[in-house]
Amino acid sequence: MNVLVLIKQIPDTTNVRIDRKTNNLVREGVPAVINPDDLRALELAAQLKEQFGAKAAVLTMGPPQAVEGLRDALIFGLDEAYLLSDRAFAGADTLATTYALNLGISKIEEEFGKFDLILAGKQAADGDTGQVGPGIATRRGYSLGAYIEKVEEVTNEYIIGIRRLDRGIEKVKIKLPALLTIPHEFGEPRYGSLPNLIRAVQYDPKSFTAKDIGADLKKCGFFGSPTRVAKTNIPPDRKGGDIISKNEDPKVAVEKFFEEIKKFEAIKLSDVFEKIVGSDKL
Ligand SMILES: Cc1cc2nc3c(=O)[nH]c(=O)nc-3n(C[C@H](O)[C@H](O)[C@H](O)COP(=O)(O)OP(=O)(O)OC[C@H]3O[C@@H](n4cnc5c(N)ncnc54)[C@H](O)[C@@H]3O)c2cc1C
């Protein structure tokens, strides 16, 4: 089985602050890291290598520095790493991103062999659209298994996985070739072993340009993007709260709490609250 993991390098969002004076994100000096969901996809690829002898590769599209993300990914023991890098890819929205990635995948297949399984994160913590995985599945005509938080069975024909939906979980049988998107709930990724770490440091990922993959420049990057970010804003500060109850009988305090909370529109969205007070009282 041949597996490909798509990873994205993102600014470490735990370190990105909002500067309230300038109302901008402070990104200077913020290190780039592998998107957290993608670490789970890498973990699954490592498990498939161990359990089924799968051959696994990793691909990212990004600036030349994204090589470092690929090296970090190789700590999971994957076989090869590939970079798609070209100025022509800059400023891409999700459609242009999937266009280039899809051609890149076909290029890699020429030397690596056809992929039975492509793994992506559920979403990138910076762009946050969650559209790239489904976009690639569509372009390649693969089955899509989105939000797969557990893999129960793997064969050469299909995968059985558990996916989480808003109102419960669903067990799905996904025919290969398939693309799975992996959420954070998949579980903690492993620490790399020393031999993998040493190999990763010395490894030079193969790099492809737009020309190498035969991309039509009109479909790449900014020019190939049907959407434009017209403006970005920082959300306003939250309104301060009031203390609604102080040092009184807990029963009275709870009653006051329910009275107050009913004034908020958002509470009508809560099933649990509706059960407690009854929908007629909302
Ligand atoms: C309307 C719009 C306009 C944009 N305009 C610009 C712009 O002008 N300039 C700019 O720099 N960016 C721009 N972006 C951001 C950039 O295009 C996105 O980061 C990119 O399309 C991926 O989308 P995402 O971050 O939401 O990823 P998601 O769809 O949330 O990512 C899901 C998964 O897909 C995979 N994946 C995502 N991106 C990559 C990648 N590059 N390589 C390999 N795997 C990947 C990863 O596995 C990831 O976990 C724009 C985004 C949008 C939505």
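Residues numbered from 1 in each chain as written. Predicted model: local features only at pLDDT ≥ 70, side-chain atom pairs only at ≥ 80, totals over all residues. Heavy atoms only, no water.

S.K.: Could you clarify how one ought to interpret the pairing of strand 1 (residues 2-6) in this entry?
M.R.: One face of the sheet, then the other: side chains in a regular strand alternate in exactly this way. When you tally the buried positions in strand 1, you get five out of five residues, the bulk of the element. Burial along strand 1 is two-sided: the face carrying Asn2, Leu4 and Leu6 and the face carrying Val3 and Val5 are both buried. Strand direction decides the pairing type here: strand 1 and strand 6 (residues 55-61), joined by five bridges, are parallel. Directly across from Val5, in strand 6, lies its bridge partner Val58. (Buried < 20%, exposed > 50% of the residue type's maximum accessible area, 1.4 Å probe, protein only. Helix = DSSP H or I, 4+ residues; strand = E, 2+ residues; numbered from the N terminus. Pairing = 2+ DSSP bridges.)

S.K.: Help me understand a nonpolar patch on the surface, please; the structure alone is not making it clear to me.
M.R.: On the surface, Leu194, Leu197 and Ile198 cluster together into a nonpolar patch covering about 270 Å² of accessible area. As for its position among the elements, Leu197 is in helix 5 (residues 194-202). (Patch = residues over 30% accessible without salt bridge, like charges linked within 9 Å, V, L, I, M, F, W, Y side chains within 5 Å. Areas by Shrake-Rupley, 256 points an atom, 1.4 Å probe, with all protein chains shown as cover. Salt bridge = Lys/Arg side-chain N within 4 Å of Asp/Glu carboxyl O.)

S.K.: Help me out: how do you make sense of the side chain of Arg140 in this one?
M.R.: Relative to the helices and strands, Arg140 is located in helix 4 (residues 132-140). The exposure class assigned to Arg140 is buried, which follows from its relative accessible area of 17%. Dropping the residues within four chain positions of it, Arg140 is found in contact with Asn102, Ile105, Ser106, Glu109 and Ile118. (Contact = heavy atoms within 4.5 Å.)

S.K.: What am I meant to see in the site of the ligand here?
M.R.: Around the ligand lies a shell of 27 residues, among which Leu6, Lys8, Asp38, Ala92 and Thr129 are the nearest. The contact in question runs from an oxygen atom of the ligand to an N or O atom on the side chain of Asn35, over 3.1 Å. In this structure, Asp93 approaches the ligand through a main-chain N or O atom, which is 3.4 Å from an oxygen atom. Surface burial for the ligand is 80%, taken as the share of its 940 Å² of free accessible area covered by protein chains. In terms of residue class, the shell around the ligand is made up of 10 nonpolar, 12 polar and five charged. (Near = heavy atom within 4 Å. Polar contact = N/O pair within 3.5 Å; in protein donor to acceptor, adjacent residues only side chain to side chain. Nonpolar A, V, L, I, M, F, W, Y, C, P; charged D, E, K, R; others polar.)

S.K.: Would you take a moment to explain the sheet that holds strand 10 (residues 148-154) for this structure?
M.R.: Within a sheet, adjacent strands bond to each other through the backbone by hydrogen bonds, running parallel or antiparallel. The strand order across the open sheet formed by three strands is 10-11-12, and the pairing between neighbours is antiparallel. For this open sheet the edge positions go to strand 10 and strand 12 (168-175), each flanked by a neighbour on one side alone. Strand-to-strand, the axes of this sheet are offset by a mean angle of 25 degrees, without reference to chain direction. Relative to strand 11 (residues 158-165), strand 10 runs antiparallel, the two sharing five bridges. For Val154, the partnering residue across the bridge sits in strand 11 and is Ile159. (Axes fitted to C-alpha atoms, helices over the stretch in contact; angles between N-to-C directions.)

S.K.: Looking at this structure, how should I read the environment of Ser245?
M.R.: Here Ser245 lies in the loop between strand 14 (206-208) and helix 6 (250-261). Residue contacts for Ser245: discarding those within four places in its chain leaves Ala253 and Lys256.

S.K.: How should I be thinking about the packing of helix 3 (residues 94-112) against helix 4 in this particular structure?
M.R.: When two helices pack together, their arrangement is given by the angle between the helix axes and by the axis-to-axis distance. Between helix 3 and helix 4, the shortest axis-to-axis distance is 9 Å and the interhelical angle comes to 55 degrees. What the angle tells us is that helix 3 and helix 4 run oblique. Two packed elements cross with a definite hand, and for helix 3 against helix 4 that hand is right-handed. Every residue of helix 4 that contacts helix 3 at Thr94, Leu95, Thr97, Thr98, Tyr99, Leu101, Asn102, Ile105, Ser106 and Glu109 is listed here: Val132, Gly135, Ile136, Arg139 and Arg140. Of the residues belonging to the contact of helix 3 with helix 4, the class tally is six nonpolar, six polar and three charged. (Parallel < 35°, antiparallel > 145°, perpendicular 65-115°, else oblique. Left-handed = near helix turned anticlockwise from the far one by under 90°.)

S.K.: Mind showing me how you'd approach the pattern of salt bridges here?
M.R.: Between side chains of opposite charge, pairing is possible as soon as their charged atoms come close. Evaluation of the coordinates by the stated rule reveals 19 salt bridges. As a salt-bridge pair, Glu50 and Arg190 come within 2.6 Å of each other at their nearest N and O atoms. Taken together, the residues span a long stretch of sequence, with Glu50 in helix 1 (residues 36-52) and Arg190 in the loop between strand 13 (178-182) and helix 5 at a distance of 140 residues. Classification of Glu50 as exposed rests on a relative accessible area of 54%. Given the relative accessible area of 29%, Arg190 is considered partly exposed. Asp204 is the salt-bridge partner of Arg71, the closest N and O atoms lying 2.9 Å from each other. Placement of Arg71 in helix 2 (residues 67-74) and of Asp204 in the loop between helix 5 and strand 14 is noted, with a sequence separation of 133 residues between them.

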